[in-house]
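# Summary of structural features
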Amino acid sequence: MDQTAIISSAEEQLKNFGTFLDNHDEKLQKLNQKTLQVPSAKAAPTINSSTPALVEVNYSANQEQLNLLRILESDRVLNKTLLTFAHLCAEVDALVCKSQRMQTKFLYIDENLCVLLADDNDNGGGDAAKQTNEILLQMSNSMQFVCDIQFLLQRCIVLGNNLLNQCGAYCALEDKTLEFRFVDVFDCLADLLLQILIFNEILVGSYFCRFWRTYKKTVEAVCQNGNYVEFCTAGELIGLRNCLEEFDFLFSGAIFQNFLDSTFALKDKIGPKGIGQLTNQCNDYMKQCLATINKSDVNEFSDHRLLVRLNAFCVTFHDFCGQVETKHVKQLLDLNQKHQGIMLIGNVAWQPTSFLRRHAATLIKPHERLLQDIKRLHQHYLQTRVQTLPRDCRNYCSQMLLWTLNVRKALSIGPFELTVQQFKELAGLLLLGLRFASQISCLIKGLVNTHVTLQSPMSKVTLQCICKLIELLKSIQQLFQDYMDVIAKVMQCVLQYLQYKVLHLLNICKKRITAAKMHNRNVDALAALRIAEKCMTGPPTRTRTLLTKLAVNATNLNNRTLPQDQWELLMSRVTILADFQTNMHDLCSTTFIYWHQSVLTAYLKQVVERKLDFNSFQYIVHAFNDCGKTLTDLNLNQLKLSKCLERSTYDNLRSEIVSKLCAQIELFLRLEVHSSLQLEKMSPFENGIDDYRDLINVCPIELNGNYVILKDHIENYLSAMFYNLTTISLHDWKTYEEMRHLANTRLMLKPVEDYLPNQTLEQGIDILEIMRKIHIFVSKYVYNMNSQIFVEQRSGNKHLDSIGIRHVANSLRTHGTGVINTTVNFTYQFLRQKFYTFSQFLYDEQIKSRLMKELRAYAEHKQAKSYPLYAYERADAFNKDVRKLGLSNDGQTYMDLFRKVITHVGNAMGYIRLVRSGSIHANYSASLFLPKFDENLQFVTACREQNLHDVTVTAAENFEVNISNLVKSFSDSTDYFKLLVEAFQPFFRNPHNMHLKNFFLIVPALSLNYVEHMLSVKEKINKKDRQEAVLFDDGFAVGLAYILKLLNQMDDFQALHWFATVRERFNAERRKIQEMLQDIKKLPNSKGATKSNKKAALATQNDETEKLQQTLALTERRINAHQMEYNLLYCNLCSAKIFFQ
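Residues numbered from 1 in each chain as written. Predicted model: local features only at pLDDT ≥ 70, side-chain atom pairs only at ≥ 80, totals over all residues. Heavy atoms only, no water.

### Notes on the overall build of the protein
Basically, it comes down to this: Helix and strand definitions follow DSSP, with helices as H or I runs of at least four residues and strands as E runs of at least two, each counted in order from the N terminus. Each residue gets one of three labels from its accessible area relative to the maximum for its type: buried under 20%, exposed over 50%, partly exposed in between, using a 1.4 Å probe on protein chains only. Reported accessibility uses the Shrake-Rupley method at a 1.4 Å probe radius. Residues are deemed covered only where the shown protein chains occlude them.
Summing up its helical and strand segments, the protein has 44 helices and seven strands in all. When the 1141 residues of the protein are sorted by exposure, 47% land in the buried category. For the protein, the computed accessible surface area is about 58,700 Å², with 52% contributed by carbon and sulfur atoms.

Written out as structure tokens, the structure reads:
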């Protein structure tokens, strides 16, 4: 058959297969519409990389039923060789997959130790022993996993030795008919060496290694103390100790060197001939790898693993064979100098120069002059990449845009309407997308790792470029995922086309071999090619692809018979596309960002401030979600690391995006509402227009399995803000209503209505404002206990504010009765502060000693008299002694300040009483138009009996509920005074507070100070300066009664008979005045004097008598005023005691 017939036949078969899949797809679509259980991939424009694809073709599962023996059915000796190497390479592939998973898991488990250690440092390191115990406990829980790592490394070392042994044994054969090329075998060996090297670097730099000695010492201490009987037997503990001794090599940093040492015994088995041929093969392999790496430019190099593998293979080759070509070493060192910022996995950086010096010092010793300082190389690399980064970022953006358009256009065509040329283009586009992802990922890792290594701060331009590259990386993954159902259909066709190209190339090779002269070598080559054809006629699984490569390598054909470039290109495409979804996930994975979370914080700070692309930051957030998904896949959700990651990511998003966006939207609404007050109009052409709708209506953002909807957060914030600010200042309700309407019309937001009533005219100071500033209120207002009114003491205005029952009732109608409990709580907090000052005053040594002196004098006086009275002179002397202690800045004594503290306490209690009375007044006003409460009004029953509409029945139910709530509020008998007494009684009656037990002895001096203060401020009413004028101040009496009740000293104070003492003193002074007046009237007339002298003496006597009478009248008036103030204080105190009975 000619070439045209083969192509036509292949196209016909592809069309038939496509028709079958189209019919099958129609059946699936019908089932999907009926069940509605699987959502459509294009139903919602959300960015969600965690949703699995609906359809996929997974060739990497290796679930083919045919085993290697069935596939390699042949009667040639070559079958045994291929079977041996195929089994070894398949086992290498399985170990590599398992190693990668265990490496990632160990990194996160080790990072969990870092989190525990960081928590200890954040807490100040106060409980270091407890924190160390937690770390050791975490290590104990991970011992089984460490044991698995040891077994895996032992298998890797044994398998690597087996591979080298088989390769050397084959090279040492005398009568082999084919020269087997070990290119793919060496690839598998290099992959195995790479995993050993990664384990070596991870383990030696881990926190496990840091705490390993401590852990071993702890186990030794347990063994010696004998405290393990309850947990394990002695034999189990000895086994643990032996295991720990075996684990030492894991954290010694010599795992790779251990592998090199294990290969020493193989040299004698292989012999000089085998070593010589193996050396030639190794040199050829290194030449091929160096050529592959040199093909790509340094800026376009996309896979650092190739360079790491080559270094590891070179060290093994040098140690095992010892004959590496000098030019290969120079080229390798040159590549190591060019490529910097290599990351093995996670945050584990790697330096090829240090690796070669440690494991192959003799190899690079002749070339030391070619090696440069590592830090200088890093600085040069960072400087070069940072300078070209903006340009590279723009180039990637333009290339990605063009590639995205081409992919969407190619995939928009029906999967089975594609021609052969379109299959070629689509395969090239898919591979190009993977290459872009690999290059971008390599660039990001290199830049971030170099910044961390050099401890160099990252500029804003570099940060934005890196975040843009991350966005491009996740957009590639999102595009592939959106079209994965189409790609899965097309992928089979593309792979079949590529397999056809491989088979066609093998067929041409067979013809060329057949045309040559027949001999034994060509027979084996044809048998190998038949095996390759047999493998390529089935699904391109990993096993079949590996066998195909090994079979072709066994032929060792020259480039003329089998073009190597074309062969390697086709097989690499088949290998990559067969594992397309796995490769796409690995290349687009951003789990390494966990170790660079500051990038997210720094980027999110600029999203709202600099008004960056609001849709792009979702890709950044989803890039950080990869860490949480990896923890879920590895079953590490229970670690503290996972919880800290979730909390930090959510806190960053909430603080940097949600909070700032809410604040800016609030500012935007305020400026729009008050735009008429702006002097200069803003020009939209110069300043631009703030349009937040794109960010508000952005897709739900996934955060570690949870979703953040910005629109809901903003609506909740605006609803709470409108409600709270309206309750604070009800006169601004119209402004916030306009802002609510503007948010609805301009930003499509729907804040909740607050349904608050408007403010009334007769409301005075709002109850919430008094509650928040109660410490200012009680000091600036005076209380009248009888009329329940507070009046302002002084004001800069021409009027004084007053707060009465009606004001509080109107305020309660606005805010509801629920504010009463809040008011009581605020008052309780205020009283705690005042009582602390109260206690400190009585605890003072000067005051305490004076009170003890008064107590002794009173006790002696009490024993001497059956009806003892507290002496007025002692109270006056107490005040004078306190005055001697000093004055405050405004000239007040400490007794004046102490009296003010008690007055403030009484004013606070009076405010509670006023609020309680206002609540009753408000409830009474609301119940004026209701029937009597004792009537049984069943509106719901009546409505149902009349068969009224359901809406009417619901309204009747609400009406009954409202009436019951009103009755409950009206009949509320909560005694807030009693609650406040019970709250502070334990403190005041505590035996430790003995300094409070003598408080009743200071009350006479306090009352004397209070009376003098009231007389002084009342006298200012008739004077020009009325700033300090006050008519009443009943807060002192209420506060005094409250404190006496708390201290249970009411009876002790009454036993002093203080007010009786005051009455007797004032009565005595009145009697003395009366006696003096009587004496004046009884003065004798002048007798015996002359008439003129008599008149003069009489005038003088009358003048003196008049002055004396005026003085006595003033004294009597002062006594009456004092008596009246004392009587008023006594009545108020007796009335206040009723509150606390």
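### Let's talk about the packing of helix 16 (residues 420-454) against helix 21 (residues 564-578)
Think of two packed helices as two axes; the pair is described by the angle between the axes and how far apart they sit. What counts is decided by this rule: Lines are fitted to the C-alpha atoms to define the axes, a helix being fitted only along its stretch in contact, and any angle between axes, read from their N-to-C directions, falls within 0 to 180 degrees. Working definition: roughly parallel below 35 degrees, roughly antiparallel above 145 degrees, roughly perpendicular at 65 to 115 degrees, and oblique for all remaining angles. Note on definitions: a residue-residue contact is assigned when non-hydrogen atoms from the two residues lie within 4.5 Å. Throughout this entry, Asp, Glu, Lys and Arg are counted as charged residues, while Ala, Val, Leu, Ile, Met, Phe, Trp, Tyr, Cys and Pro are counted as nonpolar. The remaining residues, Gly among them, count as polar.
Running from N to C, helix 16 and helix 21 cross one another at 70°; their axes reach a closest spacing of 11 Å. By the criterion of interaxial angle, the relationship of helix 16 to helix 21 is roughly perpendicular. Taken together, the residues of helix 21 that come into contact with helix 16 (itself represented by Ala427, Leu430, Leu431 and Leu434) are Arg573, Ile576 and Leu577. For the contact of helix 16 with helix 21, a count of residues per class yields six nonpolar, no polar and one charged.

### Things to note about the sheet that holds strand 6 (residues 789-792)
Counted only if it meets this: For two strands to pair, DSSP has to find at least two bridges joining them.
Strand order in the open sheet formed by three strands is 5-6-7, with antiparallel pairing between adjacent strands. On the outer flanks of this sheet lie strand 5 (781-784) and strand 7 (802-803), each paired with one strand and no other.

### Quick notes on the packing of helix 33 (residues 819-843) against helix 36 (residues 894-926)
Formally: Crossing handedness follows the turn of the near helix against the far one: under a right angle anticlockwise gives a left-handed crossing, and clockwise gives a right-handed one.
Where helix 33 meets helix 36, the axes come as close as 10 Å, and the angle between the chain directions of the two elements is 165°. Between helix 33 and helix 36, the angle is such that the two are roughly antiparallel. Between helix 33 and helix 36 lies a crossing of left-handed hand. Along its contact with helix 33, which presents Ile820, Thr823, Val824, Thr827, Phe830, Leu831, Lys834, Phe835, Thr837, Phe838, Phe841 and Leu842, the element helix 36 presents Tyr894, Phe898, Val901, His904, Val905, Ala908, Met909, Tyr911, Ile912, Val915 and Ser919. Looking at the contact of helix 33 with helix 36 residue by residue, the class counts come to 17 nonpolar, five polar and one charged.

### As for the side chain of threonine 903
Topologically, threonine 903 is positioned in helix 36. A relative accessible area of 6% means that threonine 903 is categorised as buried. Every residue in contact with threonine 903, bar those within four places of it in the chain, is listed here: Asp1033, Gly1035 and Phe1036.

### Considerations on the pairing of strand 5
Residues Tyr781 and Tyr783 line one face of strand 5 and the alternating positions Val782 and Asn784 line the opposite face, and both faces are buried. For strand 5 and strand 6, the ladder comprises four bridges, and the chain directions are antiparallel. Looking across to strand 6, one finds that valine 782 is bridged to valine 791. The loop that links strand 5 with its antiparallel partner strand 6 comprises four residues; one of these, glutamine 788, has a positive phi angle of about 50°.

### Here's the deal with the packing of aromatic side chains
How we decide: Each Phe, Tyr or Trp ring, with Trp reduced to its six-membered ring, pairs with another whose centre is within 6.5 Å; inter-plane angles below 30 degrees give stacked pairs, above 60 give edge-to-face pairs, and intermediate values give tilted ones. Here, a charge over a ring is recorded when the distance from Lys NZ or Arg CZ to the ring centre is within 6 Å and its angle to the ring normal is within 35 degrees.
Under the criterion given, the structure shown has 50 aromatic pairs. Each ring, one from tyrosine 872 and one from tryptophan 1058, has its centre 5.8 Å from the other, and the planes form 0°; the classification is stacked. Remark: tryptophan 1058 occurs in helix 43 (residues 1058-1081) and tyrosine 872 occurs in helix 35 (residues 872-884); sequence separation between them is 186 residues. Aromatic pair phenylalanine 987 and phenylalanine 988: ring centres 5.4 Å apart, planes at 90°, arrangement edge-to-face. Lying over the aromatic face of tyrosine 843, lysine 848 brings its terminal NZ or CZ to 4.1 Å of the ring centre.

### Describing the environment of lysine 468
For lysine 468, the position within the fold is in helix 17 (residues 460-482). Between the C-alpha atoms of lysine 468 and arginine 394, which are 74 residues apart in sequence, the distance is 9.5 Å. Other than its neighbours up to four places away in sequence, lysine 468 contacts Cys393 and Cys397.

### A closer look at the nonpolar core
Here is the rule: The definition of a nonpolar core used throughout is a set of buried Ala, Val, Leu, Ile, Met, Phe, Trp, Tyr and Cys residues joined through side-chain atoms within 4.5 Å.
Ranked by internal contacts, the top residues of the largest apolar core, which has 232 residues, are Phe480, Leu577, Phe617 and Leu669. Residues in contact with leucine 669, not counting those within four places in the same chain, are Leu718, Phe722, Met739, Leu742, Ala743 and Leu747. Among the nonpolar cores identified, the runner-up in size contains 92 residues, and Leu851, Phe984, Phe1000 and Ile1002 belong to it.

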